[in-house]
Amino acid sequence: MLRSFLAGVLAVLALPLAAQEAEAPAPSLQEYETVDVVLETTMGAITVALETERAPITAGNFLRYVDEGRFDGTVFYRAMHLDWEPQPNGLIQGGTQWDPDRVLPGIPHEPTTQTGLSHTRGALSMAMGEPGTANGDFSIMVQDQTGMDADPEAEDPVWQNGYAVFGYVTDGMEVVEAIHAAPLDPDKGEGWMKGQMLAEPVKILTARRAE
């Protein structure tokens, strides 16, 4: 499943640069209900606002992992680097890594065409193979990656559905960037992952709703 997610992300690299640089939809002035969660990591705290109104299934799934302590002790294990400006660019990825003691069943897919959300800087997005398989692994965008949004006119079914955004970093992007900049192990990982794995994964000490 993670390999499929990686293949999808790498497919973004094959898109014309102009498509990647297309402007993200203008943010709405309307306020939507969100729930704040703090990820305490060994490199610092990351606060995220989960879009419980616009992406209720995906945000609700993440909250279940939080409330049941399923993220505590997991790690950010991957940093994908892109050469595009502005720098740094790419994403970081973490979560349960199919740990049978942590992972929950997959959830229905909420495409960005349905939620109105987008893979902009700081967006949280679910890792998945095919729609309906996302569970306990997620990525955080270091810069805009709007090519990962759903595109109903795409020929490839993967990009017709895109990936599911369900929240945004509201504080701690400097921690996200520090994780992204951590040393990589050129020999770690398999297939698409090789060379993108952190030499020393960054532990998520706790994940809790903000007080």
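Keep in mind that what you see is a predicted model, and the values were worked out from it rather than measured. (Residues numbered from 1 in each chain as written. Predicted model: local features only at pLDDT ≥ 70, side-chain atom pairs only at ≥ 80, totals over all residues. Heavy atoms only, no water.)

1. Overview of helix H6 (residues 173-180)
Working note: α-helix, 3.6 residues per turn, so residues spaced by three or four point in the same direction.
Thinking step 1. Residues of H6 that are buried include every one of Met173, Val175, Val176, Ile179 and His180, and no others. Around the axis of H6, the buried residues are gathered within 155° of arc, so they sit on the same side. (Buried < 20%, exposed > 50% of the residue type's maximum accessible area, 1.4 Å probe, protein only. Helix = DSSP H or I, 4+ residues; strand = E, 2+ residues; numbered from the N terminus. Arc of directions from axis to C-beta.)

2. Focus: the packing of aromatic side chains
Thinking step 1. Within this structure, the stated rule accounts for seven aromatic pairs.
Thinking step 2. Here Tyr65 and Phe71 contribute two aromatic rings whose centre-to-centre distance is 5.2 Å and whose plane-to-plane angle is 20°, an arrangement assigned as stacked. Grouping residues by exposure puts Tyr65 and Phe71 together as buried.
Thinking step 3. Relative to Tyr163, the ring of Trp159 lies with its centre 5.8 Å away and its plane at 65°, an arrangement referred to as edge-to-face.
Thinking step 4. Trp159 gets classed as buried once you look at its relative accessible area, which sits at 9%.
Thinking step 5. Owing to a relative accessible area of 1%, Tyr163 belongs among the buried residues under this scheme. (Phe/Tyr/Trp six-rings, centres within 6.5 Å; stacked < 30°, edge-to-face > 60°.)

3. Some details on empty space enclosed by the protein
Rolled over the atoms, a probe with the dimensions of a water molecule shows which regions are left empty.
Thinking step 1. Under the defined criterion, the tally for this structure stands at one cavity of 30 Å³ or more.
Thinking step 2. Looking at the largest cavity, its volume works out to about 40 Å³.
Thinking step 3. Along the walls of the largest cavity sit Thr58, Ile107, Pro108, His109, Glu110, Met126, Met128, Gly132, Ala134 and Ala164, which together make up its complete lining.
Thinking step 4. A breakdown of the residues in the lining of the largest cavity according to their chemical character gives six nonpolar, three polar and one charged. (1 Å grid on protein atoms, 1.4 Å probe; cavity = no way out; pocket = protein on both sides within 12 Å on 5 of 7 lines; lining within 4 Å. Points joined across faces, edges and corners; volume = space filled by probe spheres on them. Nonpolar A, V, L, I, M, F, W, Y, C, P; charged D, E, K, R; others polar.)

4. A look at the sheet that holds strand E3 (residues 75-81)
Thinking step 1. The strand order around the closed barrel formed by eight strands is E1-E2-E7-E5-E6-E4-E3-E8, and the pairing between neighbours is antiparallel. Adjacent strand axes in the sheet meet at a mean angle of 35° when their direction is disregarded.
Thinking step 2. Sheet topology note: the strand E2 (residues 44-50)/strand E7 (residues 165-171) ladder contains four bridges and is antiparallel. Opposite Thr47, over in E7, you have Asp171 as the bridge partner. (Pairing = 2+ DSSP bridges. Axes fitted to C-alpha atoms, helices over the stretch in contact; angles between N-to-C directions.)

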